[in-house]
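Structure assessment
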Amino acid sequence: MNCEIQRKIYLDGAFLVLAFAVPCFAAIGLMTLKNAGTDELLAVRMADAVKEYYWADEQGEIFLQKVNQALKNTEADSIQTVKEYMQGLPEEPCCGDGDRLFSDICLNSGQSLRIELKVDWKKRKAQACSWMVLQGKEKEINQPMKVWNGE
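Let us look at the overall build of the protein. Per the secondary structure count, the protein includes 2 helices and 4 strands. Shown N-terminal to C-terminal, the secondary structure of the protein runs as helices and strands in the order α-α-β-β-β-β. Residues classed as buried in the protein amount to 20% of the 151 residues present. Within the protein, contacts between residues at least 6 apart in sequence are counted, and of these 39% link residues at least 24 apart. As displayed, the protein has an accessible area near 12000 Å², and 59% of this comes from carbon and sulfur atoms.

Written as structure tokens, this is what we have:
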């Protein structure tokens, strides 16, 4: 009879360990599934952002080619002449001053790809000086306004 009591106590201890371990393993399994879903969503968003960047990069290459074509096709001697030629082309508007041209290609994420080209008038060729992604706030021009003084 003494043997049976020890056996019963041993089974109760194993049951307590099992009753504690199963919920712990279930909680860990649920957390792993939650993390996997979040990781998948993050991967999909990252893939979309990369596709969008490469699309904008391709549009930037096309812009560079069109500027170089404008320099070859016209007797352009100023940025204004190049801009006038470029206005007839269906693409992002360009602006510039002196010997530099700029174009912003908007992305869906609120960012834009800013392309800055430097024109070499002797070689009749444009070269990229800057090719960078800007946040929405960076491309806004901050122009200070005078404060009304009551007059």
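From this point, things continue past the structure.
For the coordinates displayed, the defined rule picks out 1 salt bridge. Between Asp104 and Arg114 there is a salt bridge whose closest N-O contact spans 2.4 Å. Taken together, the residues span a long stretch of sequence, with Asp104 in strand β2 (residues 100-106) and Arg114 in strand β3 (residues 112-120) at a distance of 10 residues. Accessibility expressed as a relative area gives 21% for Asp104, which makes it partly exposed. In this structure Arg114 comes out as partly exposed when scored by relative accessible area, which is 22%.

On to the packing of aromatic side chains. Here the structure, examined in full by the defined rule, presents 1 aromatic pair. With a centroid separation of 5.7 Å and an interplanar angle of 70°, the aromatic rings of Tyr53 and Tyr54 are classed as edge-to-face. Of the residues examined, Tyr54 reaches a relative accessible area of 53% and is grouped as exposed.

Looking now at the pairing of β3. Pairing of β2 with β3 involves 7 bridges; the strand directions are antiparallel. If you follow Asp104 over to β3, its bridge partner there is Arg114. Counted between consecutive antiparallel strands, the loop separating β2 from β3 contains 5 residues, among which Gly110 sits at a positive phi close to 85°. One ladder, built from 9 bridges, connects β3 with strand β4 (residues 125-134); its direction is antiparallel. Its bridge partner lying in β4, Arg114 is registered against Met132. Between β3 and β4, which pair antiparallel in sequence order, lie 4 residues; one of them, Arg124, sits at a positive phi of approximately 55°.

The next point concerns the environment of Ser130. Tracing the backbone through its elements, the reader meets Ser130 in strand β4. C-alpha of Ser130 to C-alpha of Leu117: the two residues are 13 residues apart in sequence and 7.0 Å apart in space. Non-local contacts of Ser130, meaning those with residues more than four positions away in its chain, are made with Arg114, Ile115 and Glu116.

Once that is clear, we can look at the nonpolar core. Ranked by size, the top nonpolar core spans 13 residues in total, and within it Val67, Ile115, Leu117 and Ala126 carry the most contacts. Counting residues per element, the ones that place at least two in this core are α1 (2-73), β2 and β3. The element contributing the most residues to this core is α1, with 5 residues.

Next up on the list: a nonpolar patch on the surface. On the surface, Phe25, Ile28 and Met31 cluster together to form a nonpolar patch covering roughly 360 Å² of accessible area. The class for Ile28 is partly exposed, based on a relative accessible area of 48%.

So, how was this worked out
Residues numbered from 1 in each chain as written. Predicted model: local features only at pLDDT ≥ 70, side-chain atom pairs only at ≥ 80, totals over all residues. Heavy atoms only, no water. Helix = DSSP H or I, 4+ residues; strand = E, 2+ residues; numbered from the N terminus. Buried < 20%, exposed > 50% of the residue type's maximum accessible area, 1.4 Å probe, protein only. Contact = heavy atoms within 4.5 Å. Areas by Shrake-Rupley, 256 points an atom, 1.4 Å probe, with all protein chains shown as cover. Salt bridge = Lys/Arg side-chain N within 4 Å of Asp/Glu carboxyl O. Phe/Tyr/Trp six-rings, centres within 6.5 Å; stacked < 30°, edge-to-face > 60°. Pairing = 2+ DSSP bridges. Core = buried A, V, L, I, M, F, W, Y, C linked by side-chain atoms within 4.5 Å. Patch = residues over 30% accessible without salt bridge, like charges linked within 9 Å, V, L, I, M, F, W, Y side chains within 5 Å.

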